[in-house]
Every structure is written in structure tokens, then in C-alpha cells.
2 protein chains.
Amino acid sequence: MSQISWFTEAHQASGSSIGFRVEKLLHAERSAYQSIEIYQTTDWGNLMVIDGCVMLTTRDNFLYHEMMSHPALFTHAHARRVVIIGGGDCGTLREVLRHPEVERAVQVEIDERVTRLAEQYFPELCEANADPRAELRFDDGIKYMADCAPESLDVVIVDSTDPVGPAEGLFNTAFYASCHRALRAGGILVQQSESPLVHLDLIRSMRAAMKKSGFRSLRTLPFPQPCYPTGWWSCTMARKGAELTQFRERGAAAKRFPTRYYNADTHRAALAQPEFLRRALGE
Amino acid sequence: MSQISWFTEAHQASGSSIGFRVEKLLHAERSAYQSIEIYQTTDWGNLMVIDGCVMLTTRDNFLYHEMMSHPALFTHAHARRVVIIGGGDCGTLREVLRHPEVERAVQVEIDERVTRLAEQYFPELCEANADPRAELRFDDGIKYMADCAPESLDVVIVDSTDPVGPAEGLFNTAFYASCHRALRAGGILVQQSESPLVHLDLIRSMRAAMKKSGFRSLRTLPFPQPCYPTGWWSCTMARKGAELTQFRERGAAAKRFPTRYYNADTHRAALAQPEFLRRALGE
């Protein structure tokens, strides 16, 4: 008999919580970096939890993965080389590799166990792992970016956990300066930037650090993400030596791969700034 | 000493839950129609709960109230007469009355206790209740719409609870036919239409019933709403004898009243259909 209960993440900083009804715990371990749990839910497919925080569910991860990848790749004129920092579930890598212009995509995840568990419990996200253009490295993303050859990349996607613990060093000027140096002119950094409603201070400090590191144009794109605190999330794009106001609208409208949230219209929509965000960010 | 605990709404249909950290229960009663509770939260201001379902918080209700009113009013060329069915917290009424072209706005809430408690615990939402253009009626909205003079209204806003209990009769062809008859040509019906992610069947059946009742053009607008299941909500607009593809963009850009979410850009953005919704609704 299955035992129905709830997994609930209480998000202390915002005084709110989100939970999922679960049928059973499928796996639990403490890796070298963090605790990882996988649950089977009643309505959301499988659920991955890291250090008590919901990372993804089968049902709603398409929102996050599509918005972390397609806006940047349809803004860049022709992105050949992409690096993903974090992203161990491989969902962002899969979306990146849908773009035929991408010649090489390197995923630099610090914790190999996240990827091994994704292969087992979220196999659909790992579909592109065997693509000859993909390279999966298990390494420190901060060090990887610091060691990158200058002007060697077109897009860097920072798909990390919250700015505490292992991911803390991915939200500061030193890291952004490494990204800026590694990008070619016109290159784009995109990073998950938490909830527009309750993490406005973090978004502002990320943006200030990105500017300080030499990025010229910034844009914060909100999108729905039910499994994260407040159900409303964002990514922030920063561009080297070029603006972020335009994207390849015709390319996006004529894309030859399937998506579930992203299209040319939702891309344009994500560039709209809610009034409070516009005022807070001075845009 | 205050006692910190959590109020959590477990949404059985979607197998997910949303909770808020609360400091104390400020009020609880059983009205003639439903149970109503008011909590003081640590981070979201006051919280109103009806029959166990979160209705609104001080912190995030602006999203819902602005999106239930301004898109319809900036689509209509000149809305003089507006009726709100439900809307007992008066937040939608306040937003409607920000529009100077509105000559009369009638709120028809079945449960007077909701409004009396809003006056006490959400006074900012009731700021416009004394406006000479406002009329607060405590009556059955289904009967009110059935008795309305034909072609007497410009906008009808259905700001109700979920389609169970007292609000069930607000989601069917008979009610929509009353709304259609009461609207003038070019008139707009707008109704809260639940979560795009988990209530797609409801959205489809609402839209089918609206079409059957004579509405020509339909549009479902998604928007973030952290306190409702999945944190992602929608309203559906239906128009009599005119299209919904355009709105008064210049009017919206030059509006002379404050908003926190709504502006011309977010209005345009709400008209973008996520790929899965576009396919599901055949748009």
C-alpha cells in the first residue's frame, strides 16, 4: 500500500511554503556536497529536493529550462559555444542542444550525483547527453570560468541552486568578471535570479555586480515556476558589448523544435517589466 | 507572546499546497454562506481564507486585482457602466474606479460579511467604497445579471471564488447568456479562470460556454498570483460583437493612476499565449 503524505518546503525568508503530495520517497542520499532526495508525487511526476529545497518536478520544469535557454539563444546572432554552470539535471543542456547553430555545449556541474540521479529519475531531461556536441564535466564552475580562454564563448548559462552553500560564489563580481572575460563580443550571460516579488534585493545586487564586471546591457525576465517560492521566478541576462532590447523574432517564430512555454510571443512578453520591477530596476 | 505557525491550503485537485507563516488568527466566523478566517502573517500582511481556500493577502493581491480590471477597461473604448459579480474584498472595485470614464460601478457580492471584514482588515482595498460612482449590493449575482436591463452595461467582471459552492452557477451557459444580454455591443465579460497549468479543462469548458452564449472573441490572460494554487493564474475575457486583439495602448501608457503590476507592456505580455496554452485553446 502506498503511503500518501506531503513534502513541503518552508521558505523562511519569504514566510511562505510550497508543497507536493507524495506517494513515496524513491531515493535519499548525502553526496559530497549536499543532501539529495527524490520523491514520487501524485500529480507532478518525480520531485528532486536538494538540502530541503525543491529543485524540479517532472511536470513543471519545462518553464524554467525553456526560459533559461531559448531567450539567450534567440537573442545571440549565432551562438556556437555554450557553457552551462550547474544544471546537473541536464534539462537546460537538452534545450540548448535543440539549437542547430550550437557546436559545443559544456555542462559544468559540481555534483556528479545530481546528474546520475537525473539520468535515473528524469531520463527525458537527459535525452541529449549523448549528443556529440555535449560535454559533461563534474567540476567547480567558479574555477572553470576563471580558467576559460578569453573571448572563447558565446553564451554562459548559470543554472544553479540558491545563493547559499555551494552556489554562493556564483553571485558576485569576481565570477561575473570571469564570465565577461570568457565571452566574445555580443556574448550573453544568463543566470537564474530568484523571485521578482520576494528577492528584489538579490536581483538588484546581482545586476549591480554584473554592471561592475563590464556587462553593458541587462534584462530581468520574469516567468511562472510553480515549484519555486512564490511560484514566480526570473532569469537575468547580461550582454557584453551589445544591447539586449532585440531578439531574433523571426527565428523564434520559425523554430523547428518543440517547446511548451517558449515561443516568440512569450519571449517578447518576458521582456515586459511589471510596473514595480521597472521602478525598482530603474528601467 | 505571539505563536508562530503556518496556514497551509492543500489543493487536492492538483496535489500541491501553498502556505503562509502566520502570527495569529485575527478573526474566524461562519457567515450565512461560508466560513471566513483572517490571519496576520509574518511577511504577507493579512490573509483572508474562505472555506479553507486562500482568497487574498495584503502583499500580493495587487496582481489579481489589477489584471481583473485594467486589461478589460483599457480594451473597451469608453466603459461607462461596470458590474462586478463577487469581488467582496472591494479590491477590483477600487481599480475599476481609477478609470475616470467609469460613471457607475456596481459590486454584487452575495456575502456582506466578506466586505465588512475587508473594511476592517484590508482597509486600503476599500478606499473607493465611498466614491459616489460606487454601489455596493449584497445580493445573488446570478439573479442580478438575469434581471439586468438588456444592453445596459459595458463591462462585467466576475471576481468569484472557485467553481464549487456559491460560485458554481457563475461558470455556465445560463449565466454567460445573462451577461451577454446585459452588455452593449463591444461590451466585455472578464472572469477569473484559475490556473493555466492545472485547470485547463475548466478554462476550455468556460470558453466553450462563453462562445455558446454568443460571445464572439475570447482571450485568456495568464498572470502571476503567488497565493493561488501553482502561483500562476488567469482571467478570461469575452467580447460581444467585437474583437479582443487590440487594446488602447496609448491610453494604458499614459494612464494617470498608480499600478504595481499593470502597464501597457504587461498588458501586451498577458496577451501572449504560452505554447501549450495556444495549442490547447486552438489559438
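Residues numbered from 1 in each chain as written. Chains lettered and ligands numbered in written order. Predicted model: local features only at pLDDT ≥ 70, side-chain atom pairs only at ≥ 80, totals over all residues.

### Considering the overall build of chain A
Counting its secondary structure elements, chain A contains 9 helices and 12 strands. Taken over C-alpha atoms, the radius of gyration comes to 18 Å for chain A, in line with the 19 Å a tight globule of 283 residues would show. Burial analysis of chain A (283 residues in total) assigns 52% to the buried set. Look at the contacts in chain A between residues 6 or more apart in sequence, and 65% of them connect residues 24 or more apart. (Helix = DSSP H or I, 4+ residues; strand = E, 2+ residues; numbered from the N terminus. Rg over C-alpha atoms; globule rule 2.2 N^0.38 Å. Buried ≥ 20, exposed ≤ 12 C-beta atoms within 10 Å, placed from the backbone. Contact = placed C-beta atoms within 7 Å.)

### Overview of unusual backbone geometry
Even without a glycine there, the phi angle at Glu194(A) is positive, about 60°. Here Glu194(A) lies in the loop between strand E10 (183-192) and helix H6 (200-212). Of note, Thr230(B) is a non-glycine position whose phi angle comes to about 75°, a positive value. Considering the arrangement of structural elements, one finds Thr230(B) in the loop between strand E11 (217-224) and strand E12 (232-239). Classification of Thr230(B) as buried rests on a count of 25 C-beta atoms within 10 Å.

### Comments concerning the interface of chain B and chain A
On the side of chain A, 36 residues touch chain B, which itself brings 36 residues to the contact. Listed by contribution, the elements that provide at least two residues to the side of chain B that touches chain A are strand E1 (5-11), strand E2 (16-30), helix H8 (264-270) and helix H9 (275-281) of chain B. Of the residues forming the side of chain B that touches chain A, the biggest block, 6 residues, is contributed by E2(B). Per-class residue counts for the side of chain B that touches chain A are 15 nonpolar, 14 polar and 7 charged. Strand direction decides the pairing type here: strand E2 (residues 16-30) of chain A and E2(B), joined by 5 bridges, are antiparallel. For Gly19(A), the partnering residue across the bridge sits in E2(B) and is Ser17(B). (Nonpolar A, V, L, I, M, F, W, Y, C, P; charged D, E, K, R; others polar. Pairing = 2+ DSSP bridges.)

### Digging into the relation of the copies chain B and chain A
For the pair of chain copies, the relating operation is a rotation around an axis with a shift along it. When chain B is fitted to chain A, the residual RMSD is 0.0 Å, and the transformation amounts to a turn of 180° plus an axial shift of 0.0 Å. Between the two chains, the operation in question is that of a two-fold axis. An overlap of 100% is found between the interface residues of chain B and their copies at the interface of chain A, pointing to a shared contact surface. (Least-squares fit on C-alpha atoms with pLDDT ≥ 70 in both.)

### Notes on the sheet that holds strand E12 (residues 232-239) of chain A
Residues and elements named next belong to chain A. Strand order in the open sheet made by the 7 strands is E8-E7-E6-E9-E10-E12-E11, with mixed pairing throughout. Looking along the sheet, the strands with just one partner apiece sit at the ends: strand E8 (134-138) and strand E11 (217-224). Between one strand axis and the next, the sheet turns by 15° as a mean value, whatever way the strands run. Of the strand pairs in this sheet, E10 and E12 are connected by 5 bridges, and their pairing is antiparallel. From the neighbouring strand, Leu189 faces E12, where its bridge partner is Ala238. Across the sheet, helix H1 (residues 61-73) touches strand E9 (153-159), E10, E11 and E12, and the angle it forms with E9 is around 160°. Helix H5 (residues 173-182) rests against E9 and E10 of the sheet, and its axis sits at about 145° to E10. (Axes fitted to C-alpha atoms, helices over the stretch in contact; angles between N-to-C directions.)

### Examining helix H5 (residues 173-182) of chain B
An α-helical turn contains 3.6 residues, so a residue and the one three or four places further along point in the same direction. The set of residues buried in H5(B) consists of Phe175(B), Tyr176(B), Ser178(B), Cys179(B), His180(B) and Ala182(B). Where H5(B) is buried, its residues touch helix H4 (141-147), strand E9 (153-159), strand E10 (183-192) and helix H6 (200-212) of chain B.

### A short note on the sheet that holds strand E8 (residues 134-138) of chain B
Residue and element names in this part refer to chain B. Pairing is mixed across the open sheet formed by 7 strands, whose spatial order is E8-E7-E6-E9-E10-E12-E11. Each end of this open sheet is capped by a strand with a single partner; those strands are E8 and E11. Strand-to-strand twist in this sheet, taken as the mean axis angle between neighbours without regard to direction, amounts to 15°. Two strands pair when backbone bridges link them, and E9 and E10 are joined in this way by 5 bridges, in the parallel orientation.

### Side note on the environment of Val108(A)
Residue and element names in this part refer to chain A. Looking at the element boundaries, Val108 is found in strand E7 (residues 104-109). The exposure class assigned to Val108 is buried, which follows from the 23 C-beta atoms found within 10 Å. The sequence separation of Val108 and Leu47 amounts to 61 residues, and the corresponding C-alpha distance is 22 Å. For Val108, the residues in contact, after removing those within four places along its chain, are Val83, Ile84, Ile85, Arg137, Asp139, Gly141 and Tyr144.

### Section: the nonpolar core
Judged by nonpolar contacts, the single largest core of 159 residues is most densely connected at Met67(A), Val156(A), Met67(B) and Val156(B). If we ignore the near neighbours within four places in the chain, the residues touching Met67(A) are Leu221(A), Phe223(A), Cys235(A), Tyr261(A), Tyr262(A) and Ala270(A). (Core = buried A, V, L, I, M, F, W, Y, C linked by C-beta atoms within 7 Å.)

### Description of the domain arrangement of chain A
Residue and element names in this part refer to chain A. Segmentation of chain A into domains returns domain 1 (5-57) and domain 2 (61-272). For domain 1 and domain 2, the distance between their C-alpha centres works out to 23 Å. Facing the 22 residues of domain 1 at the interface are 18 residues of domain 2. Contributions of two or more residues to the side of domain 1 that touches domain 2 are made by E2, strand E3 (35-41), strand E4 (46-50) and strand E5 (53-57). Among the residues forming the side of domain 1 that touches domain 2, the class breakdown is 12 nonpolar, 8 polar and 2 charged. (Domains from an automatic or database assignment.)

### Details of H6(B)
With 13 residues, H6(B) extends 18 Å from end C-alpha to end C-alpha; this agrees with the ideal 18 Å at 1.5 Å per step. At the C-terminal side of H6(B), Gly214(B) shows a positive phi close to 110°. (Expected span 1.5 Å × (residues − 1).)

### Describing the environment of Thr57(B)
Residues and elements named next belong to chain B. One can find Thr57 in strand E5 (residues 53-57). Given 20 C-beta atoms within 10 Å, Thr57 falls into the buried group. Taking the C-alpha atoms as reference points, Thr57 and Gly214, separated by 157 residues in sequence, lie 36 Å from one another. Apart from residues lying up to four places away in sequence, Thr57 is in contact with Phe20, Thr41, Trp44, Gly45, Asn46, Leu47 and Cys227.

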